[in-house]
Amino acid sequence: LAKTTQPISMDSYEGQEVNITCSHNNIATNDYITWYQQFPSQGPRFIIQGYKTKVTNEVASLFIPADRKSSTLSLPRVSLSDTAVYYCLVGDPQNQGGKLIFGQGTELSVKP
Amino acid sequence: DVKVTQSSRYLVKRTGEKVFLECVQDMDHENMFWYRQDPGLGLRLIYFSYDVKMKEKGDIPEGYSVSREKKERFSLILESASTNQTSMYLCASAGTSVSTEAFFGQGTRLTVV
């Protein structure tokens, strides 16, 4: 399973765009990149997933360069409620039964 | 609505007790997971099951065992609880389609005294 590296913490202000980058140098051909968000006292919840290039949904965008050795989660115009821990995961759901390994995550703090 | 339900939100047990944490999912998912979460350490995988009666150790299986007799239920067992097992325990389930979206329960805050 590919190991991921993210910044431990980030600070931002309301209304700014936040970009969190994750490094995964050993990503395998069949691996997908998935991001989760976790609020205090809750389990993580899925935000977005991608394989290559760019994926966008109503919550975030995910940018994946051609070599796929990193990915960037982009949160447009954050609000206080986006304060959470964000986890990047890399894996192949059809290999090893889809084992999900979380790293330490990035603790995002949004200030007024 | 998708549901992963953990049997208890808060639990207090004594050192040496046998503790069962139960998790049930209603999505017919093949994969189920048990994690523990401690401040500054993120989520660490304890055990993983990819089918009924099938299990695989995660990163920190010592002191734990699991049971999956039915597809919808995955139990975490602390054979002899110790104070260093005081933690938040999270159960999750996921399918085996291309998407690796996992759904989590609300967590069980276990305190061993």
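A brief structural summary.

1. Remarks on the overall build of chain B
Move 1: Tallying secondary structure elements over chain B gives zero helices and 11 strands in all.
Move 2: Its C-alpha radius of gyration of 13 Å places chain B within 12% of the 13 Å reference for a compact globule of 113 residues.
Move 3: Based on the C-alpha atoms only, the size of chain B along its principal axes is roughly 40 × 25 × 25 Å.
Move 4: Across the 113 residues of chain B, 50% fall into the buried class.
Move 5: Of the roughly 5300 Å² that chain B leaves accessible, carbon and sulfur atoms contribute 50%.
Move 6: Separation between the mean location of the 15 positive side-chain charges and that of the 15 negative ones in chain B comes to 6 Å.

2. Re the pattern of salt bridges
Move 1: Applying the stated criterion to the full structure yields six salt bridges over all chains.
Move 2: The salt bridge involving A:Lys111 is made with A:Asp11; its shortest N-O contact spans 3.7 Å. A residue pair is termed long-range when its members are at least 10 positions apart, and A:Lys111 in strand β9 (residues 106-111) and A:Asp11 in strand β1 (residues 9-13) qualify at 100 residues.
Move 3: Note that B:Lys53 is salt-bridged to B:Glu69, the shortest N-O span being 2.4 Å. A residue pair is termed long-range when its members are at least 10 positions apart, and B:Lys53 in the loop between β5 (42-51) and β6 (54-57) and B:Glu69 in strand β7 (residues 64-70) qualify at 16 residues.
Move 4: Taken together, the shared-partner salt bridges connect B:Arg36, B:Asp38 and B:Arg44 into one network.

Rules behind the numbers
Residues numbered from 1 in each chain as written. Chains lettered and ligands numbered in written order. Predicted model: local features only at pLDDT ≥ 70, side-chain atom pairs only at ≥ 80, totals over all residues. Heavy atoms only, no water. Helix = DSSP H or I, 4+ residues; strand = E, 2+ residues; numbered from the N terminus. Rg over C-alpha atoms; globule rule 2.2 N^0.38 Å. Buried < 20%, exposed > 50% of the residue type's maximum accessible area, 1.4 Å probe, protein only. Areas by Shrake-Rupley, 256 points an atom, 1.4 Å probe, with all protein chains shown as cover. Lys, Arg positive; Asp, Glu negative; His and termini not counted. Charge placed at Lys NZ, Arg CZ, Asp CG, Glu CD. Salt bridge = Lys/Arg side-chain N within 4 Å of Asp/Glu carboxyl O.

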